[in-house]
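Below are the chains, spelled out letter by letter.
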Amino acid sequence: MTPSCPAAPRVARVELNAPPVNSLGIALRRHVVDSIRAAETDPDVVAIVLIGSEKAFSAGADVSEFGTPLQFEAPMLRDAIATIEACQKPVVAAISGVALGGGLELALGCHARVALASARMGAPEIQLGLIPGSGATQKLPRLMGAERALAMMMSGQPETAAQLSASGLLDRVVSQDLWDTASALALELAQQAQPLPRARDRTVDVAAVEAAVEKAAARLNKRQRAQPAYQALLDAVQASALLFEAGMQRERELFLALMTSSEATALRYQFRVQRESAKLPPSLSAQPRAFDHVAVIGAGTMGSGIAIAALEAGLQVGLLEQSAQALERGVARIGEHFSSRVKAGKLESAKAEQLQGRLHATLDWSALSAANVVIEAVFEDVAVKQSVFRLIDQHARAGAVLATNTSYLDINAIAAVTSRPQDVLGLHFFSPANVMKLLEVVQGKDSAADAIATAMALGRQLKKTPILCGNAFGFIGNRIYNAYRKQCEFMLEDGAWPEDVDQALTDFGFAMGPFAVADLSGLDIAWRMRQAHAATRDPRERYVHILDRLCEMGRMGRKTQAGYYTYADGKPSPTTDDVVRGVVVRAAAERGIERSPLAADVIQRRALLAMVNEAALLFSEGVAHRAGDIDVVLVNGYGFPSWVGGPVHWARTQPRAGLEQDLDRLIAANGFGSVRATPAMLDRLLA
Ligand code: COA
């Protein structure tokens, strides 16, 4: 009789396999619970490794279940985590790709965590108006210390495992062999005599929790104070000083109260419409053309910002200028950007060199032939742009996508000077182009579907939010912003001071008020545009001269230390001065208006109604393909508060009859030339 060989101790592999990102819907939660229980009772198994896909350990709760009964169907994520914590055999999380939100919490429930250095981990709930709801607010302070834990949850931004390697969150960070390392660690834990380690059992430094919460509370800014999730997060972390179960209970209560808040509803809506907006309507579905080389014409602030974004996306970048000096300035600006990133520890110097090695600065138009995408970023004047496009047409290779970075001009007029209008479209970047997420992709009348698809793909590669827009004055964003800004100017004549308007709108949640924005971008830019349109303006239209008067006095905004506000050391005066007030009072008197103060809620409502009216008009003209696209533009490019969702989402929350009545009143007061969106247009917009 031969003695039977004892089976080698086996590590069970529990795979998370719910593409694309292993979001923790009911099916995956069931799978985790069933697989852990099966492995626990399998006599051949001594330890368990929980592993996801290359792309994702798990992107967290399934957002599409939010607001449906499925979210609360057992086993809930908390139950799955409790199953792991109660398991008698060690469970190790092997993390690659992302571990976000509930995905991070699942990993926190494991007895140990191993991650690839490139894995990205974080708690993005705050960006959805929530706090973590399955233990992160209690466990992160225990593992990382309250201050670091709060910083992670307040920012909502993921960090790489490499960045987190010394934080206490991870047991091992590896550059390869994830499975081998995780299973070896699982076996090691199985052989130890002491109880399995669990984040929930760690002691918490009560004094450190209190100090961290107090410090974070003192630092909350206005936008954070406007969103209940930030205070709730502080309260939940404060509760980590209690016994673990009491803290968990508090986290749950706070989470559930937030779930139905208007802010969380609006942020979930933004999550959905942002993802929808990246998809082209079926009539435009086409394969993008291949691209790896972008040529940027014009090395000014905008051109160099676009070049930086393209370099950071790993593309070859040609930078073309007319004069050697302008080119040198552009190259220097790009160099400064990369060296400051290196200095700030955000980029390794070898990587910075590698990225900049792909920059080809030139004065030679023939270099354009290397590019598959050409982006013109020269002076905003149609004649200047047309002359540049004639040259592009001579030198660009066949099939290259030719884009103009205009914010207002007619794409068709620019495309018409080329022999290939099907390749021409608009790419409206926002300044600074390497920072701002929004990118309006403007479709000319002849733009080919595959050219549009290429522009959208390029936008995604540049890590932007590309939005397809029709070719009409101001596209989506500037068209609505113009209507809003005009309304704010009317309010000056009617009785508000610039600071009243700015204050009311920042109180509403805008990042900045319109007059502070105007000072920042320079009043002369708007002045030049007004002069360009003066000839076509109907004299019966209500036109506010205040900005023109300020410019005539040399008050161009921040750059001249005076505009609507005055500036000392770059800081604006809290109120406007007598000069500005005099200009405002005279403008009102010339129009025969008796000024009377406007309350903050009146200012807010008038500004929002102006936006909604314009949104309905442009939507009826087909300038936006989906109503949600308008909200994505306003939130991502114009500082509209994301927790209000956007003007369309806001309007959907308003009683309709009141909206119609107030719009009647607003348009009547605007006077000649102001067009009211019809109820049918509003129906379509708000459907
Ligand atoms: N729940 C449900 N679906 C999700 C999801 C989640 N938590 N995270 C991503 N998805 C879906 C997206 O809607 C998209 O679906 P689609 O292809 O049908 O449009 C798909 O997964 C891919 O996501 P996308 O964002 O387009 O891919 P990406 O590679 O650019 O980014 C992530 C991947 C995971 C980094 C990103 O999707 C993300 O940050 N998700 C949110 C994570 C989060 O907030 N979790 C906490 C929830 S409380």
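All figures in this text were calculated on a predicted structure; none of them were measured in a lab.

Quick word on the overall build of the protein chain
Right, on to step 1. Check the secondary structure of the protein chain and you find 29 helices and 19 strands.
Right, on to step 2. Its C-alpha radius of gyration of 28 Å places the protein chain within 12% of the 26 Å reference for a compact globule of 687 residues.
Right, on to step 3. Based on the C-alpha atoms only, the size of the protein chain along its principal axes is roughly 105 × 60 × 50 Å.
Right, on to step 4. A burial count over the protein chain gives 55% of its 687 residues as buried.
Right, on to step 5. Carbon together with sulfur atoms contributes 54% to the accessible area of the protein chain, which is approximately 29,200 Å² in total.

Here's the deal with empty space enclosed by the protein
By rolling a water-sized probe across the atoms, one finds the places where empty space is left.
Right, on to step 1. Counted under the stated rule, the structure contains one cavity of 30 Å³ or more.
Right, on to step 2. Elements with a contribution of two residues or more to the lining of the largest cavity: strand E10 (293-297) and strand E11 (316-320).
Right, on to step 3. For the lining of the largest cavity, the residue count by class is five nonpolar, three polar and one charged.

Let's talk about the site of the ligand
Right, on to step 1. Around the ligand, the structure places 17 residues, and the nearest of them are Lys 55, Ala 59, Ala 61, Val 63 and Lys 279.
Right, on to step 2. At 2.7 Å from an oxygen atom of the ligand is found a side-chain nitrogen or oxygen belonging to Lys 279.
Right, on to step 3. For the ligand, the accessible surface in isolation is 860 Å², of which the surrounding protein chains cover 66%.
Right, on to step 4. Partitioning the shell around the ligand into residue classes produces 11 nonpolar, one polar and five charged.

Some words on the packing of aromatic side chains
Right, on to step 1. Summed over all chains, the structure comprises nine aromatic pairs.
Right, on to step 2. Seen in terms of ring centroids, Phe 510 and Phe 640 are 5.2 Å apart; in terms of plane orientation they differ by 75 degrees. Their pairing is edge-to-face. Here Phe 510, found in the loop between helix H20 (498-508) and helix H21 (514-521), pairs with Phe 640, found in the loop between helix H26 (627-637) and helix H27 (647-652); they are 130 residues apart in sequence, far enough to count as distant. Both residues of the pair, Phe 510 and Phe 640, belong to the buried class.
Right, on to step 3. Here the aromatic cluster, defined as three or more aromatic residues joined through ring pairs, consists of Phe 430, Tyr 481, Tyr 484, Phe 508, Phe 510, Tyr 638 and Phe 640.
Right, on to step 4. The positively charged end of Arg 13 is found above the aromatic ring belonging to Trp 179, 4.8 Å away from the centroid.

Considerations on the sheet that holds strand E6 (residues 112-116)
Right, on to step 1. Taken in spatial order, the five strands line up as E1-E2-E4-E6-E9 in an open sheet, and their pairing is parallel. Each edge of the open sheet is held by one strand with a lone partner, namely strand E1 (10-15) and strand E9 (172-174). On average, adjacent strands in this sheet sit at an angle of 25 degrees to one another, irrespective of strand direction.
Right, on to step 2. Of the strand pairs in this sheet, E6 and E9 are connected by three bridges, and their pairing is parallel. Paired with Ala 115 across the strands is Val 173, a residue of E9.

Focus on the domain arrangement of the protein chain
Right, on to step 1. As far as domains go, the protein chain holds domain 1 (10-260), domain 2 (288-471) and domain 3 (478-686).
Right, on to step 2. With centres defined by C-alpha atoms, the gap from domain 1 to domain 2 works out at 41 Å.

Some points on a positive patch on the surface
Right, on to step 1. Where like charges cluster on the molecular surface, the positive patch consists of Lys 55, Arg 120, Lys 437 and Lys 463.
Right, on to step 2. Following the sequence through the fold, Lys 55 ends up in the loop between strand E2 (45-51) and strand E3 (56-58).

Digging into helix H1 (residues 26-41)
Three or four residues apart is the spacing at which side chains of an α-helix point the same way, because the helix has 3.6 residues per turn.
Right, on to step 1. Taking 1.5 Å per residue as the helical rise, H1 with its 16 residues ought to reach 22 Å, and the 23 Å between its terminal C-alpha atoms agrees with that figure.
Right, on to step 2. Considered for burial, the residues of H1 that qualify are Ile 26, Leu 28, Arg 29, Val 32, Val 33, Ser 35, Ile 36 and Ala 39.
Right, on to step 3. Summarising the contacts, the buried residues of H1 are in contact with E1, E2, helix H2 (77-86), strand E4 (91-95) and helix H3 (102-109).

About the thresholds
- Residues numbered from 1 in each chain as written.
- Predicted model: local features only at pLDDT ≥ 70, side-chain atom pairs only at ≥ 80, totals over all residues.
- Heavy atoms only, no water.
- Helix = DSSP H or I, 4+ residues; strand = E, 2+ residues; numbered from the N terminus.
- Rg over C-alpha atoms; globule rule 2.2 N^0.38 Å.
- Buried < 20%, exposed > 50% of the residue type's maximum accessible area, 1.4 Å probe, protein only.
- Areas by Shrake-Rupley, 256 points an atom, 1.4 Å probe, with all protein chains shown as cover.
- 1 Å grid on protein atoms, 1.4 Å probe; cavity = no way out; pocket = protein on both sides within 12 Å on 5 of 7 lines; lining within 4 Å.
- Points joined across faces, edges and corners; volume = space filled by probe spheres on them.
- Nonpolar A, V, L, I, M, F, W, Y, C, P; charged D, E, K, R; others polar.
- Near = heavy atom within 4 Å.
- Polar contact = N/O pair within 3.5 Å; in protein donor to acceptor, adjacent residues only side chain to side chain.
- Phe/Tyr/Trp six-rings, centres within 6.5 Å; stacked < 30°, edge-to-face > 60°.
- Lys NZ or Arg CZ within 6 Å of the ring centre and 35° of its normal.
- Pairing = 2+ DSSP bridges.
- Axes fitted to C-alpha atoms, helices over the stretch in contact; angles between N-to-C directions.
- Domains from an automatic or database assignment.
- Patch = residues over 30% accessible without salt bridge, like charges linked within 9 Å, V, L, I, M, F, W, Y side chains within 5 Å.
- Salt bridge = Lys/Arg side-chain N within 4 Å of Asp/Glu carboxyl O.
- Lys, Arg positive; Asp, Glu negative; His and termini not counted.
- Charge placed at Lys NZ, Arg CZ, Asp CG, Glu CD.
- Expected span 1.5 Å × (residues − 1).
- Contact = heavy atoms within 4.5 Å.

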